[in-house]
Amino acid sequence: MSELSLRTSAIPVTDPEAGLRMTEIFYSLQGEALTSGLPTIFVRLTGCPLRCVYCDTEYAFSGGERQSLETIIATIGSYPCKRVCITGGEPLAQPNAIELIKRLLADDYEISLETAGALSVQNVPPAVSKVMDLKTPSSGESAKNLWLNLDYLTQHDQLKFVIMNRADYDWAKAKLLEYKLDKLVGTVWFSPMFNVAEDASLDSCSPDVPVLARELAEWMLADALPVRFQLQLHKIIWADAKGK
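Overview of the structure. Model, not experiment: these values are computed from the prediction. (Residues numbered from 1 in each chain as written. Predicted model: local features only at pLDDT ≥ 70, side-chain atom pairs only at ≥ 80, totals over all residues. Heavy atoms only, no water.)

Once that is clear, we can look at the side chain of Gln-158. Here Gln-158 is to be found in strand β7 (residues 158–163). Polar contacts involving the side chain of Gln-158 include one to the main-chain amide nitrogen of Leu-34, which spans 3.2 Å. Discounting chain neighbours no more than four positions away, the residues touching Gln-158 are Ala-33, Leu-34, Ser-129, Lys-130, Val-131, Met-132, Val-185, Thr-187 and Trp-189. (Helix = DSSP H or I, 4+ residues; strand = E, 2+ residues; numbered from the N terminus. Polar contact = N/O pair within 3.5 Å; in protein donor to acceptor, adjacent residues only side chain to side chain. Contact = heavy atoms within 4.5 Å.)

What follows concerns the packing of helix α3 (residues 166–179) against helix α5 (residues 211–223). It is at 11 Å that the axes of α3 and α5 come closest, and there the two elements cross at 35 degrees. For the element pair α3 and α5, the recorded crossing hand is right-handed. Contacts between α3 and α5 involve Arg-166, Tyr-169 and Lys-173 from the former and Leu-216, Trp-219, Met-220 and Asp-223 from the latter. Class assignment of the residues belonging to the contact of α3 with α5 gives a composition of four nonpolar, no polar and three charged. (Axes fitted to C-alpha atoms, helices over the stretch in contact; angles between N-to-C directions. Left-handed = near helix turned anticlockwise from the far one by under 90°. Nonpolar A, V, L, I, M, F, W, Y, C, P; charged D, E, K, R; others polar.)

Here we come to the environment of Cys-55. By the secondary structure assignment, Cys-55 is in the loop between β2 (39–45) and β3 (65–67). Assessed through its relative accessible area of 23%, Cys-55 is described here as partly exposed. Sequence spacing of Cys-55 and Ser-139 is 84 residues, and the spatial spacing of their C-alpha atoms is 8.8 Å. (Buried < 20%, exposed > 50% of the residue type's maximum accessible area, 1.4 Å probe, protein only.)

Pairing within the open sheet is mixed, and its nine strands lie in the order β3-β1-β2-β4-β5-β6-β7-β8-β9. Two strands bound the open sheet, and with one partner strand each, they are β3 and β9 (228–229). Taken together, the four bridges between β2 and strand β4 (residues 83–87) define a ladder with parallel strand orientation. Within β4, the position partnered with Val-43 by the bridge is Ile-86. Along the sheet face, helix α1 (residues 69–77) touches β1 (20–29), β2, β3 and β4 and points at about 10 degrees away from the line of β1. α3 contacts β7 and β8 (187–192) of the sheet and is inclined by roughly 155 degrees relative to β7. (Pairing = 2+ DSSP bridges.)

It is worth spelling out the packing of α1 against helix α2 (residues 96–106) at this point. Between α1 and α2, the least distance of the axes is 11 Å, while the angle of their chain directions is 45 degrees. Classified by the angle between their axes, α1 and α2 sit oblique to one another. As α1 runs across α2, the sense of the crossing is right-handed. Contacts from Leu-69, Glu-70, Ile-72, Ile-73 and Ile-76 of α1 reach α2 at Asn-96, Glu-99, Leu-100, Arg-103 and Leu-104. Of the residues in the contact of α1 with α2, the class split is six nonpolar, one polar and three charged. (Parallel < 35°, antiparallel > 145°, perpendicular 65-115°, else oblique.)

This part is about the pattern of salt bridges. Oppositely charged side chains are able to pair whenever their charged atoms sit close together. Here the structure, examined in full by the defined rule, presents 12 salt bridges. For Lys-160, the salt bridge is made with Glu-32, and the minimal N-O distance between the two is 3.3 Å. Note that Lys-160 is positioned in strand β7 and Glu-32 in the loop between β1 and β2, a separation of 128 residues in sequence. Of the residues examined, Lys-160 reaches a relative accessible area of 13% and is grouped as buried. Here Glu-32 falls in the buried class, since its relative accessible area comes to 9%. Through salt bridges with shared partners, a single network forms among Glu-32, Asp-133, Lys-135 and Lys-160. (Salt bridge = Lys/Arg side-chain N within 4 Å of Asp/Glu carboxyl O.)

Turning our eyes to something else, we now look at the packing of aromatic side chains. The tally for this structure, following the rule as stated, stands at eight aromatic pairs. Ring geometry for Trp-147 versus Tyr-179: centroids 5.0 Å apart, planes at 10 degrees, classification stacked. Residue Trp-147 is located in the loop between β6 (129–133) and β7, and its partner Tyr-179 is located in helix α3; the two are separated by 32 residues in the primary sequence. On the basis of relative accessible area, Tyr-179 is assigned to the partly exposed category, the value being 31%. Between Tyr-169 and Phe-190, the aromatic rings sit 6.0 Å apart at their centres with planes inclined by 90 degrees, giving edge-to-face as the arrangement. (Phe/Tyr/Trp six-rings, centres within 6.5 Å; stacked < 30°, edge-to-face > 60°.)

Any functional reading would require information beyond the geometric quantities listed.
Dropping the structure here:
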């Protein structure tokens, strides 16, 4: 599948003056990866070419509001923080995301980019910490993994596998060993699929930690893998509340 087929003609891809289609910009604690627990400004772009079965941000697939880069940067600047996470959807589905990143770097922001790994990260500035998924078979989207992206990763970057079952774990372990992923990037994360309990509410807040999390932890201990276990902190605190 070509990269162009993963983009949408509804989103301008060349002219910076066209800006970006935005779902939301909000200020919260980072819930995952190396900056977990730190105050962060989240810039969530609209649109994604993937449809992972466990996606928890389906509301970002469509809609949104077209905003100029200047407006986006002004909104970011209204928060008391210099740490930004560019996310989605899939932010790289809108190539103007690269221009936004460059402007934020020029303003001395620390930036991480959450990407599904189906679109090229070649043009992402090296100062950005890329947090890239490798989609496991149970996600339904493993065929869209762009393995050439591994050539553009450094020790400044991170890889993430979302594990849904033992078969996903065995697949991820095989890829870890085949590509020596722990040597390729600074951190490899294994994260259990985390379905927020249906009865979790903003009053009770905390959903139950899934049984799969305990199973994954035991598998990782048994194999002594050079990877890090992760739960999504924001789901534990706020469940799946938007803007958190």
